[in-house]
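# Secondary and tertiary structure notes
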There are 2 protein chains.
Amino acid sequence: MLTTKTFRSVQPLRKMLQPAVGCAEQRRGKVLTVENMNPHVKQMEYAVRGPIVIRAGEIEEELKRGVKKPFTEVIRANIGDCHATGQKPLTFIRQVVALCTDPDKLMKDPTYPSDAKERAQRILDGCGGKSLGAYSDSSGVRVIREDIAKYIAERDGHPSDPNDIFLSTGASDSIKTIMKMLMTAKDGKERAGIMIPIPQYPLYTATIAEYNAYPIGYFLDESNTWALNIPELKRAIKEARSECKPRGIVIINPGNPTGQVLSRDNIEAVIRFAKEEGLFLMADEVYQHNIYAEGSAFHSFKKVLMEMGPEYRGMELASFMSSSKGYMGECGFRGGYCEVINLDPAVKAIQIKSISAKLCSSVSGQAVMDVVCNPPKSGEPSYELFMKEKNMVLGQLKTKATMVTKTFNSIEGISCNVVQGSMYAFPNIKLPKKAIKAAEAAGMKPDVFYCTQLLEETGICVVPGSGFGQREGTYHFRTTILPPVEKLQVFMDKFKVFHKNFVQKYQ
Amino acid sequence: MLTTKTFRSVQPLRKMLQPAVGCAEQRRGKVLTVENMNPHVKQMEYAVRGPIVIRAGEIEEELKRGVKKPFTEVIRANIGDCHATGQKPLTFIRQVVALCTDPDKLMKDPTYPSDAKERAQRILDGCGGKSLGAYSDSSGVRVIREDIAKYIAERDGHPSDPNDIFLSTGASDSIKTIMKMLMTAKDGKERAGIMIPIPQYPLYTATIAEYNAYPIGYFLDESNTWALNIPELKRAIKEARSECKPRGIVIINPGNPTGQVLSRDNIEAVIRFAKEEGLFLMADEVYQHNIYAEGSAFHSFKKVLMEMGPEYRGMELASFMSSSKGYMGECGFRGGYCEVINLDPAVKAIQIKSISAKLCSSVSGQAVMDVVCNPPKSGEPSYELFMKEKNMVLGQLKTKATMVTKTFNSIEGISCNVVQGSMYAFPNIKLPKKAIKAAEAAGMKPDVFYCTQLLEETGICVVPGSGFGQREGTYHFRTTILPPVEKLQVFMDKFKVFHKNFVQKYQ
């Protein structure tokens, strides 16, 4: 979380934003001020680490200092940070990365399994000087891209080319690389428009703001488990044409913050829509291992596209994956990749040139990504432990997904779509008129008002729906399902009481 | 290096760039074409991984395939990639990172030294869930920022605040974060101008192109060991005022590609200039550990600024550091940090918000950066080995710096400033008129023509001066001093012969 000091510095911000301060700034002789800095950077918002999360950090420091609260700890359900909430790393992943890090010593260690050593050696053989400390190709270590291509080919039943894959600093980095290319660097009607879901993961609005593109929001259908609704997509793009030049569409499947898993039919319909409208497909598929609901299955956009016939097979599609989510949750290693197919060769040459200035993504992160795509196979020494650990994590997430959905729907005034996948629930909260008035009086959005009180009274930290976007007049919040089962139960119990009291208070 | 396939895809690029192809593109139904993609991304150039380097990768593959060449291996002197050229990682750094990666097992391993375990534990205690797999603060793990602040305070004799420090993916990432804020998002005279040295490290021109800023090139004084020349700075900014709004100045010290170490007087003069002109100071100090020449010493911009008196102490300054260079050369871990002082609190709040969308830099990279700033102390178990390894690397670099300078200056038609620091020499080559004509005939810049022949005939891969910028009518190339002494000797011997023959051929 950000520090108390940082949060304090957010306070003056409001004042700073008044024009008067411009002069004050100049008087204080600053070269860079809120008034003259890059307006696009200023616009960026990232709710997942926004003011409520900063306040949560403050509260934790207050608790440390012995300040009395109606709770003894903050329950952080604001960010998909698996290990921070107690999930243990998978043994095999850490063994391979440790072997890659200190091979002179650990390759001789008889207590490390042979298959971990083989994978580590394979990765090191692909590194300059056989060291994790050498830069890799800008697009990533070749053997790792080969392993990823194999993984994709097996997943989809369609070939994948290592030259279509580039590793990145988490998925966020490659999402920016692709979106950046779609920008027109023009204003008005010629400004690039990118279709994004509402609600969305705020990286997309932040990136769109940074590159001065136009966000074409399309509403997910809450009444239909957050599916994409084609008439709504058509409405959104039609209205946006007078404002921008629509160039691409972002689909998040499984959903963040919404937790849905798209049906194959829905994906086909979206692909047909993108083809008709001439849009570049960007599929955020970082939760492809996180599927819980009976009857739900992950269908990659690439697989579906490949199976829709020759007229679709040539469409440009970027699919994003990360080592931060899934069952591994290795967020801190910042592993990620993008498979981008059917890119024009000349554009691809420029894309590779553009990432080369970044040199490469963390090679230890690349190694983590490799193990995720190339796990122990049946019969290998580490297979059983790996599967046991993997299935335990996914099994617990499934339990928690059900628990959260049931609990929210058992509370009057709250409805929540089934958490079919990913790591989040996005419940709909009916707020009493009086609460909305009270929020306005406090100068807060109603959902922020609600989540702030939830935090101050229970220590539960969730992110208001307005940070992701929601239909006018509806209120939500996003919570992860990551806290351990016992802690999540405490969360649910506390939450029930809080909501009941809140509603009574403002009835 | 990039793959052969990639290089091939560069060939069609030339054709693609002809307008006619635009239509062809549309016919082929691509959404994203060279014509309609982000022009700023298209402009980006990064010579350190440019066509000659791509060709070097091809030649390596040809050698593997048994193609006969006048040489048996490519000597890669194009990039400061220490481990790739055979430098060994420091034992202590890898021990700490391995301990952080697999602590359950390795913390119990009696063969790991106690001080490595203590440092690893200290880092893990600062991580969510005590795991490298958790996201850190966007600005980095708190204890690591504290260690960096201590390091800076000891280096400069002036306090450093952990809240002024943020970790990044190498130095490149934080350089972009700071430059981005200085952009005006306007055109014409209101467009942001950033002063950069010529020659410069191409990350700067690439970033300036990406954000549509205006590069204000100032020539380093080759006749004065590549020092900054104040009249030249004044000339550059004066001429640029009609084109842009100058906002910041980049100084690379020790120099890349030029290898100079700035004197304290020179730094003071630059700071006075920046103050007069109201420029944001950006000091690229990633080579601060790489000082070789007698009488040369590293003076940080912050130290000098702090000691120039109260009217300078309030100036905005960003200093960039990396774990990729120095004696450690851990490029692949992508560790880096920026200390930015005197930033307006409101701007700082926005800066932290802007990096929060990236979540955080690789935590294993942060761990490497920590060890670099918090190495074993005298009396601790790992101290002697650490110092032995560190001094060996720096000692060899010093030997090679002298060797390279002497050799180049012993060759007729070549002059080379003393390599006082960093990892590079940037010799000046006099090219015969005939060679320049031959280059024109071949459609190449003369220095590219020269370096291409050097590569094809000797396997030596260096980067043409035009990739960094040089005075009209002068020709240079950048070579690293990283190859092992024996290999560097072979390089020098081969080079002498090549240059002699080249000159004769075109005399």
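Just so you know, the residues in each chain are numbered from 1, in the order the chain's sequence is written. Labels follow written order: the first chain is A, the first ligand is 1, and so on. Only residues with pLDDT of 70 or above have their local features reported here, since the model is predicted, and side-chain atom pairs are shown and tallied only from 80 upward, although totals for entire chains, interfaces and linings are computed over all residues. Hydrogens and water are ignored here; the side-chain numbers use all heavy atoms of the structure.

Assigned secondary structure in chain A consists of 20 helices and 14 strands. Both definitions apply: the radius of gyration is a C-alpha atom measure, and the globule rule equals 2.2 Å times residues to the power 0.38. Relative to the globule expectation of 23 Å for 507 residues, the C-alpha radius of gyration of chain A, 24 Å, shows essentially globular dimensions. When its C-alpha atoms are laid out on the principal axes, chain A stretches across 65 × 55 × 55 Å. Here chain A holds 507 residues, and 66% of them are scored as buried. Note on contacts: a residue pair is in contact if any heavy atoms of the two residues lie within 4.5 Å. Of the contacts made within chain A by residues no fewer than 6 positions apart, 70% connect residues no fewer than 24 positions apart. Accessible surface, chain A: about 17900 Å² in total, of which carbon and sulfur atoms supply 55%. Elements are defined by DSSP. Helices are runs of H or I of four residues or more, strands are runs of E of two residues or more, and each kind is numbered from the N terminus. The classification of residues rests on relative accessible area computed with a 1.4 Å probe and restricted to protein chains. Under 20% of the type maximum is buried, over 50% is exposed, and intermediate values are partly exposed. Only the protein chains shown count as covering a residue, and every accessible area follows the Shrake-Rupley method with a 1.4 Å probe.

All names here are of chain B. Only strands joined by at least two bridges in the DSSP assignment are considered to pair. Spatially, seven strands are ordered β2-β8-β7-β6-β5-β3-β4 in an open sheet, and the strand pairing comes out mixed. Each edge of the open sheet is held by one strand with a lone partner, namely β2 (165-169) and β4 (214-219). Across this sheet, the average inter-strand angle for adjacent strands is 25 degrees, counted without regard to direction. The pairing of strand β6 (residues 280-284) with strand β7 (residues 317-322) spans four bridges and is classified as parallel. Residue pairing for β7: Ala-283 is matched across the bridge by Ser-319. Axis lines are fitted to C-alpha atoms, over the contacting stretch for helices. Their N-to-C directions set the angle, which ranges from 0 to 180 degrees. Running over the sheet, helix α11 (residues 230-240) touches β3 (192-198), β4 and β5 (245-252) and is turned about 155 degrees from β4. Packing against the sheet, helix α12 (residues 264-277) makes contact with β3, β5 and β6, and its axis sits at approximately 165 degrees to β5.

Facing the 108 residues of chain B at the interface are 108 residues of chain A. Every case where a carboxyl oxygen of Asp or Glu lies within 4 Å of a side-chain nitrogen of Lys or Arg is listed as a salt bridge. At the surface where chain B touches chain A, the tally comes to two salt bridges. For Glu-210 of chain B, the salt bridge goes to Lys-180 of chain A, with nearest N and O atoms at 2.9 Å. Residues adjacent in sequence count toward polar contacts only when both atoms are side-chain atoms; beyond that, a polar contact is any pair of N or O atoms within 3.5 Å, and within protein one must be able to donate a hydrogen and the other to accept it. Where chain B touches chain A, the interface holds 47 residue pairs in polar contact (both at pLDDT 80 or more). The dominant element in the side of chain B that touches chain A, judged by the number of residues it contributes, is helix α15 (residues 345-356) of chain B, at nine residues. Taken together, the residues of the side of chain B that touches chain A sort by class into 47 nonpolar, 34 polar and 27 charged. In this classification, Asp, Glu, Lys and Arg are treated as charged, Ala, Val, Leu, Ile, Met, Phe, Trp, Tyr, Cys and Pro as nonpolar, and every other residue, Gly included, as polar.

Before going further, it helps to spend a moment on the sheet that holds strand β10 (residues 424-425) of chain A. All names here are of chain A. Spatial ordering of the open sheet is given by β10-β14-β13, a layout of three strands whose pairing is antiparallel. Looking at which strands have only one partner, the edges of the open sheet turn out to be β10 and β13 (463-464). Here β13 runs beside strand β14 (residues 477-480); their pairing, made up of two bridges, is antiparallel. For Pro-464, the partnering residue across the bridge sits in β14 and is Phe-477.

This next bit is on the domain arrangement of chain A. Residue and element names in this part refer to chain A. Residue ranges assigned to each domain were obtained from an automatic or database domain assignment. Looking at the assigned domains, one finds that chain A contains domain 1 (47-86 + 387-505) and domain 2 (135-373). Each partner contributes to the interface: domain 1 provides 31 residues, whereas domain 2 provides 34 residues. Accessible area that two parts lose when put together, with a 1.4 Å probe and added across both, is what the buried area reports. At the boundary of domain 1 with domain 2, total buried surface from both sides reaches about 2600 Å², with 55% on carbon and sulfur atoms. There are one salt bridge connecting domain 1 and domain 2. For the salt bridge of Glu-294 with Lys-398, the shortest nitrogen-to-oxygen distance reads 3.0 Å. Counting across the domain 1 and domain 2 interface gives 19 residue pairs in polar contact (both at pLDDT 80 or more). Among the secondary structure elements, those contributing two or more residues to the side of domain 1 that touches domain 2 are α17 (383-409) and β10. No other element matches α17, which puts six residues into the side of domain 1 that touches domain 2. Partitioning the side of domain 1 that touches domain 2 into residue classes produces 15 nonpolar, eleven polar and five charged.

Turning our eyes to something else, we now look at unusual backbone geometry. Each neighbour pair has its own omega, and for Asn-253 of chain A with Pro-254 of chain A the value is -10 degrees, a cis peptide bond. Its location among the elements puts Pro-254 of chain A in the loop between β5 (245-252) and α12 (264-277). Of note, the phi angle at Ala-185 of chain B is positive, near 55 degrees, even though the residue is not glycine. Judged by relative accessible area, Ala-185 of chain B falls into the partly exposed class, the value being 45%. A positive phi angle, close to 60 degrees, is found at Trp-226 of chain B, a residue other than glycine. Mapped onto the elements, Trp-226 of chain B comes out in the loop between β4 and α11. Assessed through its relative accessible area of 3%, Trp-226 of chain B is described here as buried.

Before going further, it helps to examine the relation of the copies chain B and chain A. Copy-to-copy alignment: least squares on C-alpha atoms, limited to residues at pLDDT 70 or above in both. The two copies are related by a screw motion: chain B maps onto chain A through a turn of 180 degrees and a shift of 0.0 Å along the axis, at an RMSD of 0.0 Å. A rotation of that kind, with that shift, is consistent with a two-fold axis. Every residue of chain B has its C-alpha some distance from the rotation axis, and the shortest such distance is that of Ala-98 of chain B, at 2.4 Å. Of the interface residues in chain B, 100% have counterparts in chain A that sit at the interface too, so the contact is made through matching surfaces.

The next point concerns the packing of aromatic side chains. Pairing of aromatic rings covers Phe, Tyr and Trp, the last counted by its six-membered ring, and requires centre-to-centre distances within 6.5 Å; plane angles under 30 degrees mean stacked, over 60 mean edge-to-face, and any other angle means tilted. Across all of its chains, the model carries 33 aromatic pairs over all chains by this definition. Considering the side-chain rings of Tyr-450 of chain B and Phe-502 of chain B, the 4.9 Å spacing of their centres and the 75 degrees angle between planes classify their relative orientation as edge-to-face. With Tyr-450 of chain B in helix α19 (residues 446-458) and Phe-502 of chain B in helix α20 (residues 485-506), the pair connects residues that are 52 residues apart, well separated along the chain. Exposure remark for Phe-502 of chain B: the relative accessible area of 2% places this residue in the buried category. Members of the aromatic cluster, each reached through a chain of ring pairs, are Phe-408, Phe-449, Tyr-450, Phe-477, Phe-495, Phe-498, Phe-502 and Tyr-506 of chain A. Geometry around Phe-219 of chain A places Arg-471 of chain A over its ring, the cationic atom sitting 4.1 Å from the centre. In this scheme, the term charge over a ring applies when either NZ of a lysine or CZ of an arginine sits within 6 Å of the ring centre and within 35 degrees of the ring normal.

Right, let's talk about empty space enclosed by the protein for a bit. Lining residues are those with an atom within 4 Å of a point, where the points come from a 1 Å grid over the protein atoms alone and group into cavities, where a 1.4 Å probe fits but cannot get out, or pockets, open sets with protein on both sides within 12 Å along at least five of seven lines. Grid points are joined across faces, edges and corners, and a volume is the space filled by probe spheres set on the points. Throughout the structure, instances matching the rule amount to eight cavities of 30 Å³ or more. As for the largest cavity, its lining consists of 36 residues, of which Thr-169, Asp-173 and Lys-358 of chain A together with Asp-173 and Lys-358 of chain B are closest to the centre. Looking at the lining of the largest cavity, the elements that each hand over two or more residues are β2 (165-169) and α9 (170-182) of chain A together with β2 and α9 (170-182) of chain B. Classifying every residue of the lining of the largest cavity by side-chain character gives twelve nonpolar, twelve polar and twelve charged. Lining the second largest cavity are 22 residues; nearest its centre among them are Tyr-135 and Leu-359 of chain A together with Ser-172, Tyr-201 and Lys-325 of chain B. With four residues, α9 of chain B is the largest single contributor of residues to the lining of the second largest cavity. Tallied by class, the residues present in the lining of the second largest cavity amount to twelve nonpolar, six polar and four charged. If you count residues domain by domain, the lining of the second largest cavity takes at least three from each of domain 1 (47-86 + 387-505) and domain 2 (135-373) of chain B.

What follows is about the pairing of β2 of chain B. Residues and elements named next belong to chain B. Among the five residues in β2, five count as buried, and that is most of the element. Direction of pairing for β2 relative to strand β8 (residues 335-341): antiparallel, over a ladder of five bridges. Considered in β8, the bridge of Phe-166 is made with Cys-338.

With that settled, consider the pattern of salt bridges. Tallied over the entire structure, the rule returns 54 salt bridges over all chains. One network of salt bridges, in which partners are shared, links Arg-55, Glu-58, Glu-62, Lys-69 and Glu-456 of chain A.

A few words on the pairing of strand β4 (residues 214-219) of chain A. Consecutive side chains along a regular strand alternate between the two faces of the sheet. All names here are of chain A. Sheet topology note: the strand β3 (residues 192-198)/β4 ladder contains six bridges and is parallel. By the bridge assignment, Gly-193 is partnered in β4 with Tyr-214. The handedness of the β3 to β4 crossover, carried by helix α10 (residues 203-210), is right-handed. If the strands point away from the viewer and the path from the first strand over the helix to the second runs clockwise, then the crossover is right-handed.

What follows concerns the environment of Leu-124 of chain A. Residues and elements named next belong to chain A. Examined against the element boundaries, Leu-124 turns out to sit in helix α7 (residues 114-125). With relative accessibility at 2%, the residue Leu-124 sits in the buried group. On a C-alpha basis, the gap between Leu-124 and Thr-101 in space is 9.4 Å, while along the polypeptide they are 23 residues apart. Not counting chain neighbours up to four residues away, the residues in contact with Leu-124 comprise Leu-99, Cys-100, Pro-103, Met-107, Lys-130, Ser-131 and Leu-132.

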